[in-house]
Amino acid sequence: MAETTATAVGGYEVVRREPLERLGTYIELRHERTGARHIHIECPDDNNGFAVFFPTAPTDSTGVAHILEHVVLAGSQKFPVRDPFFSMTTRSLATFMNAFTRPDSTTYLFSTRNAKDYGNLLEVYLDATFFPKLSEDAFKQEGIRFEFEDPADSKSGLRYKGVVFNEMKGALAAPGAAIDRAMRRSLFRGVPYEHESGGDPQEIPNLTWQKLRQFHAHHYHPSNAFFYTYGDRPLEDTLQIVERNALSRFERIAIDTSIGDVSRLKGPTEATEPYPANPADDNSRKSQALVAWVTSRTSDSFRMLGMNILSEVLLSNAGSPLRKALIDSGLGSALADGSGLHDDFREAVFGAGLKGVAAEDAEKVQRVVLDTLESLADHGVDASQVDAAIHHLEFEKRERSNAGFPYALRLLFTAMPAYQHGGNPLSALNFDADLEHLQRARAEGRFFENLIRAEMLDNTHRALLKAVPDTDLEERQRRTELERLATIETKLTDDDRARIVADALRLKSEQDAKQDPSVLPTLELSDIPMRFEDVPSVGAKAGEASVEFYPQPTNGITYLDIRSDFARLTPEQKDLLPLFGRVLTQSGAAGQDYAVIAARIAANTGGVGAAAQVQSLAERDDYLQSFVISGRALDRNAKPFIDLLTDLVARLEIEPRRLKEIIGEISTRLESSLAGLGFQFALLRAHSKLGSEGAINDRLQGIGMLHTMRRLARLDETQLGELINDLDEIRTMLFRQNALRIIVTCEEEVIPSLENLLTNLVGELNKDRADGSASTLPAVERATEARTVAVPVAFNVRVFKTVRYTHQDSPALLVLANYLRDRFLHRELREKGGAYGGYAQAGVASGTFYLGSYRDPNIVRTYDVFDQAVRWIIEDDIDAEGLKEAILGSCGDVDPLESPDIKGRREATNRATGFTRQARERFKQRLLAVTADDLKRVTRVYLLEAPAAQTTVAGPDMVEAARKERPGLFEVVAPV
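Every value quoted in this text rests on a predicted model; they were computed, and no experiment measured them. (Residues numbered from 1 in each chain as written. Predicted model: local features only at pLDDT ≥ 70, side-chain atom pairs only at ≥ 80, totals over all residues. Heavy atoms only, no water.)

Student: So what's going on with the packing of aromatic side chains? Which residues, and what values?
Tutor: In the structure shown here, the tally under the stated rule is 42 aromatic pairs. With a centroid separation of 6.0 Å and an interplanar angle of 55 degrees, the aromatic rings of F100 and F413 are classed as tilted. Taken together, the residues F100 in strand β6 (residues 96-101) and F413 in helix α13 (residues 407-420) connect sequence positions 313 residues apart. On the basis of relative accessibility, which here comes to 18%, the residue F413 falls in the buried class. In this arrangement the basic side chain of R37 is found over the ring face of F226, its NZ or CZ atom lying 4.1 Å from the centre. In this structure, K924 is placed above the aromatic ring of F532, and the distance from its NZ or CZ to the ring centre is 4.9 Å. (Phe/Tyr/Trp six-rings, centres within 6.5 Å; stacked < 30°, edge-to-face > 60°. Helix = DSSP H or I, 4+ residues; strand = E, 2+ residues; numbered from the N terminus. Buried < 20%, exposed > 50% of the residue type's maximum accessible area, 1.4 Å probe, protein only. Lys NZ or Arg CZ within 6 Å of the ring centre and 35° of its normal.)

Right, dumping it as structure tokens:
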């Protein structure tokens, strides 16, 4: 690890250098010539992270910042290929690569464990952000353009095309987007946040290429840049690369991208926004109501600590007072989108409300919120709930997990509000001083009660926000767009028409042109680590249950999984497992109601969850059916943690009213998320047609699960007795002493005490042996299927049955997926077709292979592209450089980023399913040996000569148009 003790490093002044508890050293720098700012977290972590972000607050809703994010990554001075960002995904072993547009900034970030890779990606990112080509064709492809329905026929009807244009059509179709739009327009009038930074499809056509270039010239300058790095790479080396490749070519300029405070309202306001809804549904209780306030500045780390704790106290779990009051009101069934504290603005927003409400009940929801807050301010906030919230923050600070998102980059977003808006980033990362201040303020009395009054009850800058279903909205928007285009088309001259055709054909020619990615830096196959880390374990017994301890440096945290085989459950019982997982962790137990259990979870753990998992076997066409209850806790809380788990698995108490609330919450969340679940539903449904494994996954996570929850939601409270008996029988069958496999990842020294605690847990369970035999579910009918949902884009999936992990063809199929995605589907589906994503994925564990598209404006064309993709592999030559890159990308796929909390769980699963270290290393060796002939052979065997299953989820108008264009495309059409 590099040691930086100087007050200057290269061309940088070291502004601040201080220790970060349990992590390393915080170093804050400023580039002397340009004024660029830089934060470095120096620590012994080999997953090194980099980011640069620019404040990019918009002045309209044309999506200029978002479209620029796309265009910046479409070629640069040093790397003038069409798409260096996507090209680098197959020339790198990055553990993360992406870019984000937020309401007031744009961030480019990556992480990698490979030192050579770090230097390569850093060069590409610097050139992309500071020296992009910003070509007009890239703007038209990624942002917006005119094109005729048939690009070569000027009489076929004018249309809008563009990747971001289609992406935002899908993104803004959800109820949550309507709540967000209402919040921004009502609470942030007169400041940039009132605009849609991602772009509103009705306004995106107003953006021009010239305005995009001007926006880049103004905002993407080192004087407006904020850099961030993390890890064990020498800081001096990184700064030299940044200086040499970017900053040395700039001088400091005066630039002000700061955002002023919003002018506060004199009194509360209201706003209503529609969202697309299916006219065939009962929409009478599908509105949302949210009460929202603009509160403290996000740069004030002390105030934000207080607001974060208060939000946690009010809303974080089923026993939280505001959440409980809202659910108990019966006005709705789940917290509204936007509930909680949001720090991605200069001034934070706090919101609370309900979804699943009748539109006319919005004022009643507001009354519940205000009355509950008034009661808390008058009678006091429960000190134990505050302590639990502080415990949660301390737990998050201690945990070093890469689960879901690299820890290297997670720290950036913790510090970002203070970093961007002139606060103290170190205080945001290391909140000990602020916490001591807060504890002193608590001791003086009524700190949180006063905070409720100051930030909410006495704060007139409040809005009641409503999102209401509108069954005509999608059609109105479609008609408005076509009428706008028709008006424009009537004014086109013959020269205009000829130019649009020429532009479209030129763009197509550019998209078809062979690129030379050799200008991009790359890893070589010799840079790939071929060995997997050995993860040792210690076997033990807790009564009749088997226990596997995985000693890891967990920083004083114990991670525990209790696994049970659910194969012996009946199909009807398996359908109830998604509900059972929620009931198990959100009900009462051992004579305590659900609110008390929720308080115990908050006070003693970092979280407890439960779910059914289907785990593919490596060597044969079969799978494990595991129900898992997982949790994590500080080592000092091991006893109350395991006592809690014991009560849940041995003494669960399911009460009808609480069960009704849980069902309502799950159902409402699903219904309000359909626009965002389209791809998941299409993917799972298509896989369900291939075999039992896909069928059970669909019933646990897909359309089958949705239908089960809809059926249960129709039961009233008096009809739940039989369901409660079924759920209790499931619990009894799953949690038997001899049926459990317990996985523990922890520090070695706590193993003996955990053994005793786990023995006590198992001793409380039933000793009886399970009856019955394992059951499997049949595949769903193979018929091609379309499911309709109120969304103006499509999600298309075609899936094939292939072979399992240890089969000799499996490595070639993984390489084929990478090759197809990067060399064909990205070009045909995204660049030409305008879909936000085009995918090929080899399920080397499940023995499947799929082609898919995401937020796609096309259906028929996309299935034609799927056909063309298969023929392209067989008929065209396989590019040698492309093959190498596909192998490199495949090696990254099979070697994911881990952290101590992940290693034990993953190793335990690998051992149970046959994915041993030896098997994985053999698979990696086979990857390096894949040839062009192998790609053609596996394409012919598994994709050309074998039958496929396919499913589309799309708007009803799109499905109907596809059926007219291609009769017989879908044998089954039904709502989701």
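From this point, the narrative continues.
Student: If you had to explain the packing of helix α23 (residues 656-672) against helix α26 (residues 703-713) to someone new, which residues and values would you point to?
Tutor: Where α23 contacts α26, the two axes come as close as 9 Å, and the packing angle between them is 135 degrees. With respect to α26, the element α23 is oriented oblique. The handedness of the crossing between α23 and α26 comes out as left-handed. Contacts between α23 and α26 involve K660, I663, I666, S667, L670 and E671 from the first element and M705, L706, M709, R710, L712 and A713 from the second. Taken together, the residues that form the contact of α23 with α26 break down as eight nonpolar, one polar and three charged. (Axes fitted to C-alpha atoms, helices over the stretch in contact; angles between N-to-C directions. Parallel < 35°, antiparallel > 145°, perpendicular 65-115°, else oblique. Left-handed = near helix turned anticlockwise from the far one by under 90°. Contact = heavy atoms within 4.5 Å. Nonpolar A, V, L, I, M, F, W, Y, C, P; charged D, E, K, R; others polar.)

Student: Give a detailed account of empty space enclosed by the protein, specifying residues and quantitative values.
Tutor: If you walk through the whole model with that rule in mind, you get five cavities of 30 Å³ or more. Estimates place the volume of the largest cavity at around 60 Å³. Every element with two or more residues in the lining of the largest cavity is listed here: α10 (321-328) and α23. Of the residues forming the lining of the largest cavity, the biggest block, four residues, is contributed by α10. For the lining of the largest cavity, a count of residues per class yields three nonpolar, no polar and six charged. (1 Å grid on protein atoms, 1.4 Å probe; cavity = no way out; pocket = protein on both sides within 12 Å on 5 of 7 lines; lining within 4 Å. Points joined across faces, edges and corners; volume = space filled by probe spheres on them.)

Student: Which residues make up the environment of W293, and what values go with them?
Tutor: Within the secondary structure layout, W293 lies in strand β12 (residues 287-297). We classify W293 as buried; its relative accessible area is 0%. Sequence separation of W293 and M456 is 163 residues, and the distance between their C-alpha atoms is 6.6 Å. W293 has contacts with L187, A348, V349, F350, V369, L370, L373, E455, M456, N459, H461 and R462, leaving out every residue within four places of it along the chain. Here M456 takes part through its backbone oxygen, which lies 2.9 Å from a polar atom of the side chain of W293. (Polar contact = N/O pair within 3.5 Å; in protein donor to acceptor, adjacent residues only side chain to side chain.)

Student: Describe the nonpolar core, with residues and values.
Tutor: In terms of nonpolar packing, the biggest core is built from 91 residues, with L579, I629, L659, L727, F735 and I742 touching the most fellow members. When residues of this core are assigned to their parent elements, the largest contribution, eight residues, is made by helix α22 (residues 638-650). Dropping the residues within four chain positions of it, L659 is found in contact with L579, V583, I654, L720, L723, I724 and L727. L126, F139, Y160 and I204 belong to the second largest nonpolar core, which has 65 residues in total. (Core = buried A, V, L, I, M, F, W, Y, C linked by side-chain atoms within 4.5 Å.)

Student: How would you summarise the sheet that holds strand β26 (residues 794-801) if you had to cite specific residues and measurements?
Tutor: Ordered by their spatial adjacency, six strands build an open sheet running β27-β28-β26-β29-β25-β30, and the pairing between neighbours is mixed. The two strands at the open ends of the sheet, each matched to only one other strand, are β27 (837-843) and β30 (972-975). Looking at each pair of strands side by side, their axes are set apart by 15 degrees on average, direction ignored. (Pairing = 2+ DSSP bridges.)

Student: Quick rundown of helix α6 (residues 175-187)? Include the residues and the values.
Tutor: Since the α-helix packs 3.6 residues into each turn, any two residues three or four apart lie on the same face. If you check α6, its first and last C-alpha atoms are 18 Å apart, about what 13 residues at 1.5 Å a residue would give, namely 18 Å. For α6, the buried fraction is high: ten of the 13 residues fall into the buried class. Taken together, the buried positions of α6 are occupied by P175, A177, A178, I179, R181, A182, M183, R184, S186 and L187. Contact partners of the buried residues in α6: α5 (163-171), β11 (269-276), β12, β15 (347-357), β16 (462-470) and α23. (Expected span 1.5 Å × (residues − 1).)

Student: For the pairing of strand β9 (residues 158-161), give the residues involved together with the corresponding values.
Tutor: Burial along β9 is one-sided: the residues L158 and Y160 are buried and none of R159 and K161 is. Relative to β9, strand β8 (residues 145-148) runs antiparallel, the two being bridged by four bridges. Counted as the bridge partner of F148 is L158 from β9.

Student: Now, about the environment of G319: what can you tell me, with residues and values included?
Tutor: Within the fold, G319 resides in the loop between α9 (301-315) and α10. As for G319 and V596, which are separated by 277 residues in sequence, their C-alpha atoms are 6.8 Å apart. Not counting the four nearest positions on each side in its chain, G319 is found in contact with Q385, A595 and A598.

Student: Would you mind going over the packing of α9 against helix α16 (residues 447-457) in detail, with residue names and values included?
Tutor: In the contact formed by α9 and α16, the axes pass within 11 Å of each other and the chain directions differ by 100 degrees. Classed by the angle they form, the pair α9 and α16 counts as roughly perpendicular. Here F302, R303, G306, M307, I309, L310 and L314 of α9 come into contact with α16, specifically with F447, F448, L451, I452, A454, E455 and M456. Partitioned by chemical class, the residues of the contact of α9 with α16 number eleven nonpolar, one polar and two charged.

Student: Go over the sheet that holds strand β21 (residues 607-616), please, and point to the residues and values.
Tutor: Pairing is mixed in the open sheet, where six strands are placed in the order β17-β18-β24-β19-β22-β21. Sheet topology places β17 (538-542) and β21 at the edges, where each strand pairs with a single neighbour. The mean inter-strand angle of the sheet, taken between neighbouring strand axes irrespective of direction, is 25 degrees. Relative to strand β22 (residues 623-634), β21 is paired through ten bridges, and the arrangement is antiparallel. Within β22, the residue paired with G609 across the bridge is S630. Relative to the sheet, helix α12 (residues 383-398) contacts β19 (557-565) and β22, its axis offset from that of β22 by approximately 110 degrees.

Student: Give a detailed account of α22, specifying residues and quantitative values.
Tutor: Its 13 residues place the ends of α22 18 Å apart at the C-alpha level, agreeing with the 18 Å of an ideal helix rising 1.5 Å per residue. The element α22 is extensively covered by neighbouring structure, given that ten of its 13 residues are classed as buried.

Student: Tell me about the environment of N317, and please be specific about residues and values.
Tutor: Mapped onto the elements, N317 comes out in the loop between α9 and α10. Judged by relative accessible area, which is 17%, N317 ranks as buried. Residues N317 and Q592 lie 275 residues apart in sequence; the distance between their C-alpha atoms is 16 Å. Once you skip the residues sitting within four places of it in the chain, N317 turns out to touch R323, A598 and A602. For N317, the side chain forms a polar contact with the side chain of S316, separated by 3.4 Å.

Student: Explain the pairing of strand β18 (residues 545-551) to me, using residue names and the numbers behind them.
Tutor: Two faces make up the sheet, and in a regular strand the side chains alternate between them. For β18, a buried count of five out of seven residues is recorded, marking the element as mostly surrounded by other parts of the structure. Relative to β18, β17 runs antiparallel, the two sharing five bridges. Residue pairing for β18: A542 is matched across the bridge by A545. Taking the residues that link successive antiparallel strands as the turn, the β17-β18 hairpin has two residues, and the phi of G543 there is positive, at about 65 degrees.

Student: Go over the pattern of salt bridges with me, naming the residues and quoting the values.
Tutor: Following the criterion strictly, the structure yields 94 salt bridges and no others. Note that E524 and K884 form a salt bridge whose closest N and O atoms lie 3.2 Å from each other. With E524 in the loop between α18 (494-512) and β17 and K884 in helix α31 (residues 880-893), this pair connects stretches of sequence that are 360 residues apart. A relative accessible area of 15% places K884 in the buried class. E548 is the partner of R741 in a salt bridge, and the nearest nitrogen-oxygen pair spans 2.6 Å. Placement of R741 in strand β24 (residues 740-746) and of E548 in strand β18 is noted, with a sequence separation of 193 residues between them. Taking relative accessible area as the criterion, E548 reaches 15% and is therefore assigned buried. In this structure, a network of salt bridges that share partners links the residues R91, K514, E524, R823, D879, E881, K884 and E885. (Salt bridge = Lys/Arg side-chain N within 4 Å of Asp/Glu carboxyl O.)

Student: Which residues make up the side chain of R184, and what are the values?
Tutor: Position of R184 among the secondary structure elements: in helix α6. With a relative accessible area of 5%, R184 lands in the buried category. In this structure the side chain of R184 is engaged in a polar contact, spanning 2.9 Å, whose partner is the side chain of E196.

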